[in-house]
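So you can see what is in the structure, the chains are spelled out below.
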Amino acid sequence: MLANSAFIVYKYIALFCNLAAYFQSLNEAQYAKSWNLLQNCLDLVIVIGKFVDSGNRYDVPDIVELLVNYERLYPYKVFASTEMTVTRSHCSICGLSMLSLLCPHIKGNLYWGEIALEVIDDVKLKAVALVSHPLDKRCVMTLSDDDRPEEEKFALLHFVTQSNLNPLVRFSVESQSSLRLNSDIKAVGRNKACTCGSGMKFKKCCLSKLYYEHVHNIIHLDKPVEFHLF
């Protein structure tokens, strides 16, 4: 019992260490790096939630709500997910196959401060699928030739980070869009020569670029996460 309690305390400490590292990466505008730190935090929350009663999780539900709000600010929409067949594995505690009746451990359960894991020795990769909601979101799909600065790639996250909010304040972001006139384009008659010098008619050239979508983001603040001693 003491060993299991020590395991939970360790996971709490790991959560707060990763949480601090996450907000530090945001302060340094290392947004791509921050994604994996965010996923680390969410993984640790799952572990804590599995082994701690709902009434004793203290601030964890508030932390989850905060992290999910931050996760929505990232542009990642498509992820790679592998489909594979496990051909050989063993129990992380006793070393036996978890399919064997001789292995007394149940995968995912806690034994004297150690989680029983299925250690994969050999697999056969069958396929790689593109999905939007995988269990592990670390394998993100991005364009290889996207050389924009991180502030531009992660525009919404950068906007919130640069707003000097208390990082522990829960929030939501409302995006409002409107059409605005592109001042760089001089409008002429539809059938007249386009003013950009292309030699094409205006209707077949810059007419479609005459207006652009402007997005205005509004941050709505909620109560901050309050930590309690336990």
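Basis of the calculations
The residue count restarts for each chain, going from 1 along the sequence in the order it is written. With pLDDT at 70 or above as the cut-off, local features in this predicted model cover only qualifying residues; side-chain atom pairs require 80 or more to be listed or tallied, and sums for whole chains, interfaces and linings still use all residues. Note that the side-chain values use all heavy atoms of the structure and ignore hydrogens as well as water. Secondary structure elements follow DSSP: runs of H or I no shorter than four residues count as helices, runs of E no shorter than two count as strands, and numbering proceeds from the N terminus. In this treatment the radius of gyration is a C-alpha quantity, and the globule benchmark scales as 2.2 Å times the residue count to the 0.38 power. The buried label goes to any residue with under 20% of its type's maximum accessible area, the exposed label to any with over 50%, and the partly exposed label to all in between, with areas taken from a 1.4 Å probe on protein chains only. We call two residues in contact when some of their heavy atoms are within 4.5 Å. Any Lys or Arg side-chain nitrogen found within 4 Å of a carboxyl oxygen on Asp or Glu counts as a salt bridge. For a helix, the expected span equals 1.5 Å multiplied by the number of residues minus one. By nonpolar core we mean a set of buried residues, namely Ala, Val, Leu, Ile, Met, Phe, Trp, Tyr and Cys, connected to one another through side-chain atoms within 4.5 Å. For this analysis, a polar contact is any N or O atom pair within 3.5 Å, provided that within protein one partner can donate a hydrogen and the other can accept it, and provided that sequence-adjacent residues contribute only side-chain to side-chain pairs.

Description of the overall build of the protein
- What the protein contains, in helices and strands, is five helices and six strands.
- Ordered by position in the sequence, the α and β elements of the protein form the string α-α-α-β-β-β-β-α-α-β-β.
- Over its C-alpha atoms the protein spans a radius of gyration of 25 Å, topping by over 25% the 17 Å that the globule rule assigns to 230 residues.
- Taken along its principal axes, the extent of the C-alpha atoms in the protein is 85 × 45 × 25 Å.
- Going through the 230 residues of the protein one by one, you find that 28% of them count as buried.
- When contacts within the protein are restricted to residue pairs at least 6 apart in sequence, those whose partners lie at least 24 apart make up 74%.

As for the pattern of salt bridges
- Scanning the model with the defined rule gives eight salt bridges in all.
- Between Arg 170 and Glu 65 there is a salt bridge, with its nearest N and O atoms 3.5 Å apart. Taken together, the residues Arg 170 in strand E5 (residues 169-181) and Glu 65 in helix H3 (residues 60-71) connect sequence positions 105 residues apart.
- Judged by relative accessible area, Glu 65 falls into the partly exposed class, the value being 35%.
- In this structure, Asp 146 engages Arg 148 in a salt bridge whose closest nitrogen and oxygen atoms are separated by 2.9 Å.
- Asp 146 gets classed as partly exposed once you look at its relative accessible area, which sits at 23%.
- On the basis of relative accessibility, which here comes to 36%, the residue Arg 148 falls in the partly exposed class.
- Salt bridges linked by common partners bring Asp 43, Asp 136 and Arg 138 together as one network.

Some points on helix H1 (residues 2-27)
- When the terminal C-alpha atoms of H1 are compared, their 38 Å separation across 26 residues agrees well with the 38 Å that a helix rising 1.5 Å per residue should span.
- Along its buried surface, H1 packs onto helix H2 (31-51), H3, strand E2 (110-111), strand E3 (114-115) and helix H5 (155-161).
- Downstream of H1 by a residue or two, Ala 29 has a phi angle that is positive, lying close to 60°.

Notes on the nonpolar core
- Core analysis: the biggest nonpolar cluster contains 37 residues, and Tyr 22, Leu 26, Tyr 70, Tyr 74 and Leu 157 have the highest contact counts within it.
- Taken together, the elements giving at least two residues each to this core come down to H1, H2, H3 and H5.
- In this view, Tyr 74 contacts Tyr 22, Leu 26, Tyr 31, Ser 34, Trp 35, Leu 38, Phe 154 and Leu 157; residues no more than four positions away in its chain are not counted.
- Core analysis: the next-biggest nonpolar cluster, separate from the first, contains six residues, Cys 194, Phe 202, Cys 205 and Leu 210 among them.

Details of the side chain of Asn 69
- On the secondary structure map, Asn 69 appears in helix H3.
- Overall, the relative accessible area of 11% leaves Asn 69 in the buried class.
- Within the structure, Asn 69 has its side chain in polar contact with the side chain of Arg 72 (distance 3.2 Å).

A short note on the environment of Ser 172
- With respect to the helices and strands, the residue Ser 172 is situated in strand E5.
- If we skip the residues at most four places from it in the chain, Ser 172 touches Ile 218, Ile 219 and His 220.

Thoughts on unusual backbone geometry
- One non-glycine residue, Trp 112, lies in positive phi territory at about 50°.
- Inspection of the secondary structure assignment puts Trp 112 in the loop between E2 and E3.
- Classification of Trp 112 by relative accessible area gives exposed; the value is 74%.
- For Asn 164, which is not a glycine, the phi torsion comes out positive at approximately 55°.
- Of note, Asn 164 is situated in the loop between H5 and E5.

As for H3
- Spanning 12 residues, H3 covers 16 Å between terminal C-alpha atoms, matching the ideal 16 Å at 1.5 Å per step.
- Turning to H3, its buried residues are Val 60, Ile 63, Leu 66, Leu 67, Asn 69, Tyr 70 and Glu 71.
- For H3, the secondary structure elements touched by its buried residues are H1, H2, H5 and E5.

A word on the environment of Phe 79
- The topology assignment puts Phe 79 in strand E1 (residues 79-91).
- Given the relative accessible area of 2%, Phe 79 is considered buried.
- Considering only alpha carbons, one finds Phe 79 and Lys 137, 58 residues apart in sequence, at a separation of 6.4 Å.
- Excluding residues that lie within four positions of it along the chain, Phe 79 makes contacts with Trp 35, Ala 129, Leu 130, Val 131, Ser 132, Pro 134, Lys 137, Cys 139, Val 140 and Met 141.

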